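The primary structure of each chain is shown beneath.
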Amino acid sequence: MPEGHTLHRLARLHQRRFAGAPVAVSSPQGRFAGDAVDGRVLLRTSAWGKHLFHHYEPFGGGPIVHVHLGLYGAFTEWKRPDGAALPEPVGQVRMRMVGAGYGTDLRGPTVCEVVDEGQVSDVVARLGPDPLRADADPAPAWARIAKSRRPIGALLMDQAVIAGVGNVYRSELLFRHRIDPYRPGRAVGEAEFAAAWTDLVALMKIGLRRGQIVVVRPEHDHGPPSYRPGRPRTYVYRRAGEPCRVCGTPILTAVLEGRNVFWCPACQE
């Protein structure tokens, strides 16, 4: 599932490609009410955690397209030269957006719907602070973690605690701060949380800027290759059974609340 930096990158891309002009919006698959926004001016885009919002005219009261990519959702962009015919949709396209020079097709999202400002507020109210937003306040996240018996590895993946963290950032952040993913939230110190939050903000900003999750420090960025070609190395994510890049101990994995978690039993005591 795409993590929060991916949605913020999409928000920035769609702002550059489509905002400030009318956008043709349709639903080739027939499962989205594109006519509600078709031909309107896209005023701005925004993201909160793993949720993307397209805000259409009129200002302050226009319809908003809400997208959650889920496990399989993805946007595919294509250029459209002036006067060129539109390409035929390939596969199950839930939403097609066409601007002056670009188009994009959305396939496979968990959510693609037209909502209003009140419904956006309802979505955001269910989410924790987003480390990539300038107005993010970590205090509510710390308040929930400090009193919880749940493992910190589960709490970090709970979007109501912190919005935008997925499995890669969860596993890697805990390794970087030597925290066992099974440690109860209330056993995490306030200073530990503050340091981890600051690090998370920095790591996700790198992901936003580079389009890749970069978590391995330069002095450890060697040895066994990444879990997938073209991806930066990780410390523990998808490295079960391989030697820790720091101490050499085999990396462990287990299922924690339905998701695989990875950790080094020596470094994360």
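What you are looking at is a predicted structure, and each value in this text was computed from that prediction instead of being measured.

**Q** Help me out: how do you make sense of helix H3 (residues 139-146) in this one?
**A** Because each turn of an α-helix spans 3.6 residues, side chains separated by three or four positions in sequence point in the same direction. Taken as a whole, H3 has its buried residues at Ala141, Trp142 and Ile145. The arc enclosing the buried residues of H3, seen along the axis, measures out at 95 degrees, which places them on a common side. Turning to H3, the residues buried within the fold contact helix H4 (152-155) and helix H6 (190-210).

**Q** Looking at this structure, how should I read the sheet that holds strand S2 (residues 42-48)?
**A** Adjacent strands of a sheet form backbone hydrogen bonds with each other and so pair up, either parallel or antiparallel. Pairing in this open sheet of four strands is antiparallel, and the strands run S2-S3-S4-S8 from one edge to the other. Two strands lie at the open edges of the sheet, namely S2 and strand S8 (111-115), each paired on one side alone. Strand-to-strand, the axes of this sheet are offset by a mean angle of 15 degrees, without reference to chain direction. Bridging between strand S3 (residues 51-56) and strand S4 (residues 64-68) involves five bridges; their strand directions are antiparallel. When the sheet's bridge partners are listed, His54 is paired in S4 with Val65. Taken strand by strand, helix H1 (residues 4-18) contacts S2 and S3, and its axis lies near 175 degrees from that of S2. Running over the sheet, helix H2 (residues 117-125) touches S2, S3, S4 and S8 and is turned about 165 degrees from S3.

**Q** I keep staring at the UniProt feature "domain: FPG-type" (unreviewed entry) in the protein chain and nothing clicks. Help me out?
**A** The UniProt feature table records "domain: FPG-type" (unreviewed entry) at residues 235-269. The span residues 235-269 is 0% helix and 29% strand, and its two end C-alpha atoms sit 16 Å from each other.

**Q** In this structure, what is going on with the side chain of Arg245? I would like to understand it.
**A** Assignment of secondary structure puts Arg245 in the loop between H6 and strand S9 (252-256). One buried charged side chain, Arg245, makes no salt bridge at all; its nearest oppositely charged neighbour is Glu242, positioned 5.4 Å away. A distance of 2.7 Å separates a polar atom in the side chain of Arg245 from the backbone oxygen of Thr234. Once residues within four sequence positions are removed from consideration, Arg245 is found in contact with His220, His222, Gly223, Pro224, Pro225, Arg233, Thr234, Tyr235 and Arg239.

**Q** Where do I start with the pattern of salt bridges in this structure?
**A** Two side chains with opposite charge may pair up if their charged atoms get near one another. Following the criterion strictly, the structure yields 10 salt bridges and no others. The partner of Asp105 in a salt bridge is Arg107, with the nearest N and O atoms 3.9 Å apart. Ionic pairing is found between Glu242 and Arg239, a salt bridge with its closest N-O pair at 3.3 Å. The class for Glu242 is partly exposed, based on a relative accessible area of 29%. We classify Arg239 as buried; its relative accessible area is 1%. In the salt-bridge network here, residues are joined through shared partners; they are Arg96, Asp105 and Arg107.

**Q** Can you walk me through the environment of Ala143 in this structure?
**A** If you trace the backbone, Ala143 turns up in helix H3. Judged by its relative accessible area of 42%, Ala143 falls in the partly exposed class.

**Q** Can you walk me through the sheet that holds strand S1 (residues 24-26) in this structure?
**A** An order of S1-S6-S7-S5 is seen for the four strands of this open sheet, with the pairing classed as antiparallel. Since the sheet does not close on itself, it has two edges, and those belong to S1 and strand S5 (74-79), each with one partner. When the angles between neighbouring strand axes are averaged without regard to direction, this sheet yields 15 degrees. Where S1 meets strand S6 (residues 93-98), three bridges bridge the pair, whose relative direction is antiparallel.

**Q** Got a minute to help me understand the packing of H1 against H6 in this structure?
**A** Relative placement of two packed helices is described by the angle separating their axes and the distance separating the axes. Packing of H1 against H6 leaves a shortest axis separation of 9 Å and a crossing angle of 45 degrees. With respect to their mutual orientation, H1 and H6 come out oblique. Once H1 is placed against H6, the crossing between them reads as right-handed. Along the contact surface, H1 presents Gly4, His5, His8, Arg9 and Arg12, while H6 presents Met204, Gly207, Leu208, Arg209 and Arg210. When its residues are assigned to classes, the contact of H1 with H6 shows two nonpolar, four polar and four charged.

**Q** Mind showing me how you'd approach the pairing of strand S10 (residues 259-263) here?
**A** Remember that side chains alternate between the two faces of the sheet whenever the strand is regular. Two strands pair when backbone bridges link them, and S9 and S10 are joined in this way by five bridges, in the antiparallel orientation. Paired with Leu252 across the two strands is Trp263, which belongs to S10.

**Q** Sorry if this is basic, but what is going on with the nonpolar core here?
**A** Across soluble globular proteins, you tend to see nonpolar side chains buried next to one another. Of all hydrophobic cores here, the largest spans 36 residues; its most connected members are Ile145, Ile152, Ile162, Tyr169, Phe175, Phe193 and Leu200. When contributions to this core are tallied by element, the ones reaching two or more residues are H3, H4, helix H5 (167-176) and H6. Broken down by element, this core gets its largest block of residues, eight residues, from H6. Not counting residues within four places of it along the chain, the set of residues in contact with Phe175 comprises Tyr235, Val236, Cys244, Val246, Cys264, Cys267 and Gln268. The next biggest cluster of nonpolar side chains, apart from the first, holds 20 residues, and it includes Val65, Phe75, Met97 and Leu106.

Criteria and cut-off values
- Residues numbered from 1 in each chain as written.
- Predicted model: local features only at pLDDT ≥ 70, side-chain atom pairs only at ≥ 80, totals over all residues.
- Heavy atoms only, no water.
- Buried < 20%, exposed > 50% of the residue type's maximum accessible area, 1.4 Å probe, protein only.
- Helix = DSSP H or I, 4+ residues; strand = E, 2+ residues; numbered from the N terminus.
- Arc of directions from axis to C-beta.
- Contact = heavy atoms within 4.5 Å.
- Pairing = 2+ DSSP bridges.
- Axes fitted to C-alpha atoms, helices over the stretch in contact; angles between N-to-C directions.
- UniProt positions renumbered as here; feature names shortened; annotations may be inferred.
- Lys, Arg positive; Asp, Glu negative; His and termini not counted.
- Salt bridge = Lys/Arg side-chain N within 4 Å of Asp/Glu carboxyl O.
- Polar contact = N/O pair within 3.5 Å; in protein donor to acceptor, adjacent residues only side chain to side chain.
- Parallel < 35°, antiparallel > 145°, perpendicular 65-115°, else oblique.
- Left-handed = near helix turned anticlockwise from the far one by under 90°.
- Nonpolar A, V, L, I, M, F, W, Y, C, P; charged D, E, K, R; others polar.
- Core = buried A, V, L, I, M, F, W, Y, C linked by side-chain atoms within 4.5 Å.

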